[in-house]
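Descriptive analysis of the structure
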Number of protein chains: 2
Amino acid sequence: MSSVDKQLEELKAEITNELPSDISVSDVKYEGPELVVYTRDPKKFAQNGDLIRKLASKLRKRITVRPDPDVLSPPREAEEQVLGVIPDEAGVTDLDFHEDTGEVVIEAAKPGMVIGRHGSTLRKITQEVGWTPEVVRTPPIESSTVSNVRNFLKQERDERRQILERVGRQIHREQLSDDEWVRISTLGCCREVGRASFILSTPETRILVDCGDKPGSDDVPYLQVPEALGSGANSLDAVVLTHAHLDHSALIPLLFKYGYDGPIYTTEPTRDLMGLLTLDYLDVAAKEGRTPPYESEMVREAIKHCIPLEYGDVTDIAPDVKLTFHNAGHILGSAVSHFHIGDGLYNVAFSGDIHYEDTRLFNGAVNDFPRVETLVLESTYGGRNDYQTDQEDSEQKLIDVINETHDRGGKVLIPAFAVGRSQEIMLVLEEAMRSGKIPEMPVHLDGMIWEATAIHTTYPEYLRDDLRDRIFHEDENPFLADEFNHIDAGEDERQEVADGGPAIVLSTSGMVTGGPIMSWLRHVGPDPKSRLVFVGYQAQGTLGRRIQNGWDEIPMNDRDNMGRSNTLTLKMDVETVDGFSGHADRAGLENFVKTMNPRPEKVLCVHGDERSVQDLSSALYHNYNMRTFAPKNLETFRFK
Amino acid sequence: MSSVDKQLEELKAEITNELPSDISVSDVKYEGPELVVYTRDPKKFAQNGDLIRKLASKLRKRITVRPDPDVLSPPREAEEQVLGVIPDEAGVTDLDFHEDTGEVVIEAAKPGMVIGRHGSTLRKITQEVGWTPEVVRTPPIESSTVSNVRNFLKQERDERRQILERVGRQIHREQLSDDEWVRISTLGCCREVGRASFILSTPETRILVDCGDKPGSDDVPYLQVPEALGSGANSLDAVVLTHAHLDHSALIPLLFKYGYDGPIYTTEPTRDLMGLLTLDYLDVAAKEGRTPPYESEMVREAIKHCIPLEYGDVTDIAPDVKLTFHNAGHILGSAVSHFHIGDGLYNVAFSGDIHYEDTRLFNGAVNDFPRVETLVLESTYGGRNDYQTDQEDSEQKLIDVINETHDRGGKVLIPAFAVGRSQEIMLVLEEAMRSGKIPEMPVHLDGMIWEATAIHTTYPEYLRDDLRDRIFHEDENPFLADEFNHIDAGEDERQEVADGGPAIVLSTSGMVTGGPIMSWLRHVGPDPKSRLVFVGYQAQGTLGRRIQNGWDEIPMNDRDNMGRSNTLTLKMDVETVDGFSGHADRAGLENFVKTMNPRPEKVLCVHGDERSVQDLSSALYHNYNMRTFAPKNLETFRFK
Ligand SMILES: [Zn+2]
Ligand SMILES: [Zn+2]
Ligand SMILES: [Zn+2]
Ligand SMILES: [Zn+2]
Ligand SMILES: [Zn+2]
């Protein structure tokens, strides 16, 4: 008998022992990080409201109880019973019964009403029907990404359970080494922005944190060095994805091409956004005639292997590693990733990308951990002069620009990333219009912005508290405001907008490196009354940066068969409004560290250009007396 | 056609083109780092004295010319001819004809007379006989190690040629990556003494430098981490062995158990000493009832894969790496290993263990390199107070101790390492006796000391210049002095010595951890007139250290069936005479760095306890303004 089987047998005995004698345990299994307990008495189990919590705290495991398939009522019958328990106002849109596991997935417009106060409605479902309910939100704005992911996972359910069981046994395997050390190897994003990737390793375990690309370059993480994938991609125990931006996620699917078959720990919104963004990444590559490094099949593999965690859940991901995600304030689902290693041996936190202050979209990044000895800290704006304008001032400037442009009859064209900055700007515009600070006019959303917004509304739990509350009340959901229009009819619709009155256009790509913004430049660019407004960082080598620097002859990578000329003369004004960054500025980064309690002993400054990481590293050393480093790629640090 | 085959074809054309039209080239091959040119006209080739040198400098390769087997005279005939050319005084002891390669290996007491002035006699052999001569020295003192190694290599000649051809093709393979970086990973001997082991890596190449054990512990190098052996032991391009001490060599044979099948670059004496010491290492393990990590078969594999290099030879060992060994002054064959990476990209030197000043046995360590950006420096005596007594004073103290002991009719018992310190002490004693500073008395050599001495006399080129000259004249060879007696008849002989008059005994092990010294303690230990004299470092945890600290009740790990008691009461005096260390002291280490020109930019201080590496690192930083590090094991540093 394997050590895991022995462990499960012991757990089964212990659980049986803990339960009242009239509640039977028919099986005990690991599924990913969870311990699943099958019982022939699900209703009685649910009646003892506190049982699961007690068991979980006694066994120090995440526990799920499921009915033994033998005792299940048939789905047709159960459906009626379930709907009888849930109040109509919950707006159930789908019920999906899984006879293999006794789970019923309930999709509802108002999940809170399915859950009930402190979970009372859920408990009632089990008590009365026996099935184990799981709730997901019906996207308030239809999202093809969310529904594709959900349908795909439904369809791949069998394989997914196999994956989870395998992962579960891996996590709970016997610990082999009695050596003790903790190391971080840098595979990318050191002294540069892009291709974020790290290996966190112990004698027992190897974890890959992020695996991104580098915008404006062909550079990829150093996956070929032995400390990256070791004897093969399957020598990794886990992949952890901090957030969906491509500089962190683009090459995650590639791991599956390399034969990886293990879990990706991330948040649910990051999973969906990763799907959206990596598929787009493949699309863009194809459109630009490049051979992408993997096929869309691998994106599906990645999604299939995701194990979503919520902020604050402490989760075993290896025999000697517990992972906890915390809100990073950067984009939807972005997570500061905290690793507790060994039994009190060491703690490492990877900031991922963070925003320290609250924004309209998100609460500020969490920096409150019981212990962190080493912090790996992004340094995008770590340079000594990288202070950003206050968002209030930035908003005022944006409002002024919009008003001026409106007054002279022009249009405002804003290149923006689909994920994050677009929604932030939408919230600014919605409020400004509602409170009369700018005139009412249509706000057109082009590229993936609409879809990204839909994903945001699907996961309001990940948004700032007051915004979340507004979304819970459909009539106050700012993203549903009338002025927002989804450009979904292509060139004709754009032409119509261009020919029409004052309007605001938010369009991808954010650095003017392709996408519908190119088309908008053609339509609106020659109009001297209109304005191009940059609200985000324009990287070296991008067209956005060149335009910002004063270029007005734009080479159009023209695949247009209308015979139009290949360069475009830009006549519209160009403005830059700072302060909408998703990244903490220098003050924010310092504050993030300064207000940690206790402060980390060591900080690795990464994800910034050479000057930024050096400046931040030296400032943190001098101001807070910590050991700080500005690693190079391909180095390995040992901490214990 | 592979890129190597194409390269060889081009080389053949180029060589044919360079040669006079009456000299044919029948084949061109790589054997290890050498380019072997086969010709049907070996005699003509040899008549054009300068041809090979010109070719080598033109092609920037090490070149060997061999006769096409078709044109060889039969060995019996050739033997007579060869002996006809060599003067009788050369003392030829063996001729070994290899018809597959046209080589004849000539073993002679005086190799210089076989070589002739500037190689004139060798050339004459080829001119007149056609065979390619190679010369080795007949050991002046019979050495079973040397003769075993030579016989073994003779016997494995076919497989060895296959290995060399394979290695040659590996070395000259096409370079694949155009990335540029240089890294060192630490697998052992950081903040500790023992288990020396490093990986030097580039995008193209991975080299293991040393692979030793840690005396007094079970710790071995971290070979199990992915950056060590990567996807397997064969992902290493080369192993480089700086010297034969077990803390650098003990686990080299283990690599072959792990499937390594590539070259070990080292000096010829290090190859032989490694054979001697690793076989003894297995012996000791067996005697102590431990399971050794590999079998003696693996020692033979290691010897078979050795490619011996001489000091100063610049050798291609990978497409992007050239290796040069320099005298390290530490033990016979010990080498500072200089790596030139890329075409002027970077230079790294590993000091191995060094002695900076001249000793009786060796010239001081070489520190004169065209360029070294990073130096990996041993720090055994790097502590702020680690200054050693001058050797002159130490010798005087040893002489005084011997005289006192002799005068009161006692014996002097010196525990010593077989390799290095024993020979140094032998030289001191020989001179002292010859010049009348101590009375004539027998010096008994027990354990492997005699054998190690024999190996020293086989390779006089590796000894200090004046010592080398003395060995070349048999009657002046100090190791052949009358007073030296090889204890080769076991306990009876020891008993006889113990019962006899004044004498000096040099015996292994050097730290009194086993070996014949235990028996000598039994014989001589109870005699208050005798003295135990330590001349070398006694590590923490060894019996030697305990005795040094005043223990006089010695637990004897008794497998004696005579019923003697299990503890021994030591009545002899205990003395320590410092200053015979094979390691540079703190001043020597600083001088080694200080007198480098240019000095390295970075120094990694290793091979010393925590305090020593920290002290040395900080002193080098403050005194010479270099970037210095005291790495931990399991770290990776990137330099370019
Ligand atoms: Zn289903
Ligand atoms: Zn980001
Ligand atoms: Zn990022
Ligand atoms: Zn040594
Ligand atoms: Zn050593």
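Residues numbered from 1 in each chain as written. Chains lettered and ligands numbered in written order. Predicted model: local features only at pLDDT ≥ 70, side-chain atom pairs only at ≥ 80, totals over all residues. Heavy atoms only, no water.

1. Comments concerning the interface of chain A and chain B
Taken together, the contact between chain A and chain B spans 18 residues of the former and 19 residues of the latter. For the pairing of chain A and chain B, the buried interface totals around 1600 Å² over both sides, and the portion due to carbon and sulfur atoms is 46%. Salt-bridge contacts for glutamate 227 of chain A lead to arginine 183 of chain B; the nearest nitrogen and oxygen are separated by 2.5 Å. Counting across the chain A and chain B interface gives 11 residue pairs in polar contact (both at pLDDT 80 or more). Mapped by element, the contributors of at least two residues to the side of chain A that touches chain B are α9 (226-229) and β28 (636-638) of chain A. In terms of residues, the side of chain A that touches chain B owes the most to one element, β28 of chain A, which gives 3 residues. (Contact = heavy atoms within 4.5 Å. Buried area = accessible area lost by both parts, 1.4 Å probe. Salt bridge = Lys/Arg side-chain N within 4 Å of Asp/Glu carboxyl O. Polar contact = N/O pair within 3.5 Å; in protein donor to acceptor, adjacent residues only side chain to side chain. Helix = DSSP H or I, 4+ residues; strand = E, 2+ residues; numbered from the N terminus.)

2. Digging into the packing of aromatic side chains
All names here are of chain B. All told, the structure shown has 22 aromatic pairs over all chains when counted by the stated rule. Ring geometry for phenylalanine 256 against tyrosine 260: centres 5.4 Å apart, planes inclined by 65°, an arrangement best described as edge-to-face. With respect to class, phenylalanine 256 is no different from tyrosine 260; both count as buried. Summarising the aromatic geometry, the rings of tyrosine 311 and tyrosine 462 are spaced 4.9 Å apart at their centres and angled 70° between planes, so their arrangement reads as edge-to-face. Of this pair, tyrosine 311 sits in the loop between β12 (306-308) and β13 (315-318) while tyrosine 462 sits in the loop between α16 (449-458) and α17 (465-472), and the two are 151 residues apart along the sequence. (Phe/Tyr/Trp six-rings, centres within 6.5 Å; stacked < 30°, edge-to-face > 60°. Buried < 20%, exposed > 50% of the residue type's maximum accessible area, 1.4 Å probe, protein only.)

3. Digging into the coordination of the zinc ion (ligand 3)
All names here are of chain A. Bound to the zinc ion (ligand 3) are the protein donor atoms Asp247 (OD), His248 (NE2), Asp353 (OD) and His607 (NE2), situated 2.1 to 2.2 Å from the metal. If you look at the zinc ion (ligand 3) and the zinc ion (ligand 2), they sit 3.4 Å from each other and are both ligated by aspartate 353. Overall, aspartate 247 belongs to the buried group, its relative accessible area being 12%. Relative accessible area serves as the criterion here: at 2%, histidine 248 is assigned to the buried category. (Donors = N, O, S within 2.8 Å, 3.2 Å for Na, K, Ca; no water.)

4. A closer look at the coordination of the zinc ion (ligand 2)
Residue and element names in this part refer to chain A. Each protein donor to the zinc ion (ligand 2) is listed here as His243 (NE2), His245 (ND1), His330 (NE2) and Asp353 (OD); together their distances run 2.1 to 2.3 Å. Each of the 4 donor atoms around the zinc ion (ligand 2) contributes to a set of angles spanning 88 to 163°, which defines the coordination as irregular. Mapped onto the polypeptide sequence, the residues donating to the zinc ion (ligand 2) form the spacing pattern H-x1-H-x84-H-x22-D. For histidine 243, a relative accessible area of 0% translates into the label buried. (Tetrahedral: all angles 85-135°; square planar, octahedral: opposite > 155°, others 65-115°.)

5. Here we look at the UniProt feature "binding site: Zn(2+) 2" (unreviewed entry) in chain A
All names here are of chain A. As annotated in UniProt, the feature "binding site: Zn(2+) 2" (unreviewed entry) corresponds to Asp247, His248, Asp353 and His607 in the numbering used here. For the annotated residues, spread through 361 residues, the largest C-alpha to C-alpha distance comes to 10.4 Å, consistent with a single compact locus. Within the secondary structure layout, aspartate 247 lies in helix α10 (residues 246-249). Mapped onto the fold, histidine 607 is located in the loop between β26 (602-606) and α22 (610-624). Once you skip the residues sitting within four places of it in the chain, histidine 607 turns out to touch Cys189, Glu192, Val193, Asp247, His248, Asp353, Glu378, Ser379, Thr380 and His583. (UniProt positions renumbered as here; feature names shortened; annotations may be inferred.)

6. Focus: the domain arrangement of chain A
All names here are of chain A. With domains assigned, chain A is organised as domain 1 (3-158), domain 2 (159-165 + 182-385 + 583-631) and domain 3 (391-576). Taking only C-alpha atoms, the centre of domain 2 and the centre of domain 3 are 29 Å apart. The interface of domain 2 with domain 3 comprises 26 residues on the first partner and 26 residues on the second. In total, about 2300 Å² of surface goes out of reach between domain 2 and domain 3, with carbon and sulfur atoms giving 61% of it. (Domains from an automatic or database assignment.)

7. Side note on the sheet that holds β26 of chain A
Residue and element names in this part refer to chain A. Ordered in space as β13-β14-β15-β16-β17-β26-β27, the 7 strands form an open sheet in which the pairing is mixed. Single-partner strands in this sheet number two, and they are β13 (315-318) and β27 (627-629). When strand polarity is set aside, the average angle formed by the axes of neighbouring strands in this sheet is 25°. In the sheet, strand β15 (residues 335-341) pairs with strand β16 (residues 346-350) via 5 bridges, with the strands oriented antiparallel. Paired with serine 337 across the bridge in β16 is phenylalanine 350. Contacts from α22 reach β17 (374-378), β26 and β27, with the element oriented near 160° to β26. (Pairing = 2+ DSSP bridges. Axes fitted to C-alpha atoms, helices over the stretch in contact; angles between N-to-C directions.)

8. So, the packing of helix α7 (residues 144-155) of chain B against helix α12 (residues 268-287) of chain B
All names here are of chain B. Their axes nearest at 10 Å, the elements α7 and α12 cross at an angle of 105°. What the angle tells us is that α7 and α12 run roughly perpendicular. Residues Thr145, Val146, Val149 and Leu153 of α7 pack against Arg271, Asp272 and Leu276 of α12. (Parallel < 35°, antiparallel > 145°, perpendicular 65-115°, else oblique.)

9. Remarks on helix α19 (residues 516-524) of chain B
Each full turn of the α-helix corresponds to 3.6 residues, which orients residues three or four apart in the same direction. With 8 of 9 residues buried, α19 of chain B lies mostly within the body of the structure. Within the sequence span of α19 of chain B, burial applies to Pro516, Ile517, Met518, Ser519, Trp520, Leu521, His523 and Val524 of chain B.

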